[in-house]
Amino acid sequence: MQIITESIGDEILLKLSGDVDGIGADELAVELSKAEETHAGRIIMDFSEVTMITSLGLGTIIITYKRLESLGRTLELRNLQPNVRKVFLMTGLDRILKVQKSADEVFQKGDHISERAMQNAKEFLGEMMLNLGVETDTGTEVIDRIFHICDKPTPTPDKAVKLRKLLAGLQLPARMADSQKNLASDMHGRIRPYVVGMESLLHVRCGDGKLAGLFKQEFNKIQLLDVVDRNQTDLPFMKHNGVKIPLPDKSFDVSLLHCSLSHCVSPESAISEVLRVTKKRIIVIESICLNETQRQFNIFFDWLFNVVLGQAEELAYNFKKPDDWKWFFRDLGLSIRASVDMGLDHPTVPEYHWMYVLDLPGQ
């Protein structure tokens, strides 16, 4: 196994490659010990090039985690590959080391965090129903039935089918669309100061295209891109597979990603393609979480809105804390021109948004 270390202020990043087996575990223990002694901040471990881990490797990581926790410090694991992720899930270590959960695992409510997340979701749904004009008695009854269905030990796809039937009469997608009619305009106002002087825009995961449509006065050229064609504007639209962008290198001055990376199986691969086709700046707006309870809360609502109401396939749930996204972008060599806390910016959308304005090297 190889370990490359990189200091980032008082924090340290360990990039691992190879197998974390018996020999690898010994090497890792030495490097983790050095990292503890030389850096007072977080120790970050990147597993993007690790394909196998044994019990000895797990033991080394757990010992370090517990020691750092007792000192009020943090051990963070990034980019676990599928085989490695399965080991953490099978051993139950995902609860300690924050391995991404699926919607089904949130429904199982295996700990107090999941229970709290679902309780918060129930309370927010009640407020949302009122904001959408659903009668109080109807809303209360429907919410009780939603969580009765979710509590049942049935496969998640079966839950989705039952919930669609339950919610069909409430016309929630239409109500939500009407309540969000000013959302694109609000978002345009927030983004506009950061695109002054730019001539061309690529909007990745553009949705209905209305947000990009508001930028017609700012840009000479606009291109919409998404995996599904929902474009409701006269702007040019291009469909892609969510991985490879069918455009030449350095095609656009600025690229806009709106709640896109959190739904990618590999955010690294997705933004690498955006980097390839962008000349100057990338603007990322993401749904973030501030703690583990909110992360699971986000997973539930993402599943409810996109899978149940939107009838889409279940996507990845890469919800991160604001600082985690910052390090993610810095690791790619991007400079953070602005980091903007947008907050919970709409009463019917339980998403806490954060905007990152990112300059490419040399800008």
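Look a little higher up for the structure.
Here is a short report on the structure shown in this document. Quick caveat: nothing in here was measured; it's all calculated off a predicted structure.

The rules behind the values
- Residues numbered from 1 in each chain as written.
- Predicted model: local features only at pLDDT ≥ 70, side-chain atom pairs only at ≥ 80, totals over all residues.
- Heavy atoms only, no water.
- Helix = DSSP H or I, 4+ residues; strand = E, 2+ residues; numbered from the N terminus.
- Buried < 20%, exposed > 50% of the residue type's maximum accessible area, 1.4 Å probe, protein only.
- Contact = heavy atoms within 4.5 Å.
- Areas by Shrake-Rupley, 256 points an atom, 1.4 Å probe, with all protein chains shown as cover.
- Lys, Arg positive; Asp, Glu negative; His and termini not counted.
- Charge placed at Lys NZ, Arg CZ, Asp CG, Glu CD.
- Pairing = 2+ DSSP bridges.
- Axes fitted to C-alpha atoms, helices over the stretch in contact; angles between N-to-C directions.
- Polar contact = N/O pair within 3.5 Å; in protein donor to acceptor, adjacent residues only side chain to side chain.
- Phe/Tyr/Trp six-rings, centres within 6.5 Å; stacked < 30°, edge-to-face > 60°.
- Lys NZ or Arg CZ within 6 Å of the ring centre and 35° of its normal.

**Focus: the overall build of the chain**
A count of helical and extended segments in the chain gives 14 helices and 11 strands. Residues counted as buried form 49% of the 363 residues belonging to the chain. Considering only residue pairs separated by 6 or more positions, the chain has 67% of its internal contacts joining residues 24 or more positions apart. A total accessible area of about 17200 Å² is found for the chain, and carbon and sulfur atoms account for 50% of it. Treating the 43 positive side-chain charges of the chain as one cloud and the 51 negative ones as another, the clouds have centres 3 Å apart.

**Looking at the sheet that holds strand 10 (residues 335-344)**
Taken in spatial order, the 7 strands line up as 7-6-5-8-9-11-10 in an open sheet, and their pairing is mixed. A single partner strand is all that each edge strand has here, and the edge strands are strand 7 (237-239) and strand 10. Ignoring which end each strand starts from, the neighbouring axes of this sheet average 20° apart. Where strand 6 (residues 221-226) lies against strand 7, 3 bridges are found, and the strand directions are parallel. Paired with aspartate 226 across the strands is lysine 239, a residue of strand 7. Most of the contacts of helix 14 (residues 322-331) go to strand 11 (residues 352-359), to which it runs at about 20°, and overall it touches strand 9 (278-288), strand 10 and strand 11.

**Examining the side chain of serine 287**
Along the polypeptide, serine 287 turns up in strand 9. Engagement of the side chain of serine 287 in a polar contact is seen with the side chain of glutamate 351, the distance being 3.4 Å. Apart from residues lying up to four places away in sequence, serine 287 is in contact with Cys259, Phe319, Glu351, Tyr352 and His353.

**Things to note about the sheet that holds strand 3 (residues 43-53)**
Strand order in this open sheet of 4 strands is 1-2-3-4, and the pairing throughout is mixed. Strand pairing shows two members of the sheet lacking a second neighbour, strand 1 (2-8) and strand 4 (75-78), which therefore form its edges. Strand-to-strand twist in this sheet, taken as the mean axis angle between neighbours without regard to direction, amounts to 20°. When strand 1 meets strand 2 (residues 11-20), the two strands line up antiparallel, connected through 7 bridges. What sits directly across from isoleucine 3, in strand 2, is leucine 16. Packing against the sheet, helix 3 (residues 82-91) makes contact with strand 3 and strand 4, and its axis sits at approximately 105° to strand 3.

**What about the packing of aromatic side chains?**
Under the defined criterion, the tally for this structure stands at 12 aromatic pairs. With a centroid separation of 6.4 Å and 20° between ring planes, the pair formed by tyrosine 317 and phenylalanine 319 is classed as stacked. The exposure classification of tyrosine 317 matches that of phenylalanine 319, with both residues buried. Ring pairing ties together the aromatic residues Phe124, Phe147, Phe297, Phe300, Phe301 and Phe305, which thus form one cluster. A cation over an aromatic ring shows up here: lysine 221 above the ring of phenylalanine 252, its NZ or CZ 4.5 Å from the ring centre.

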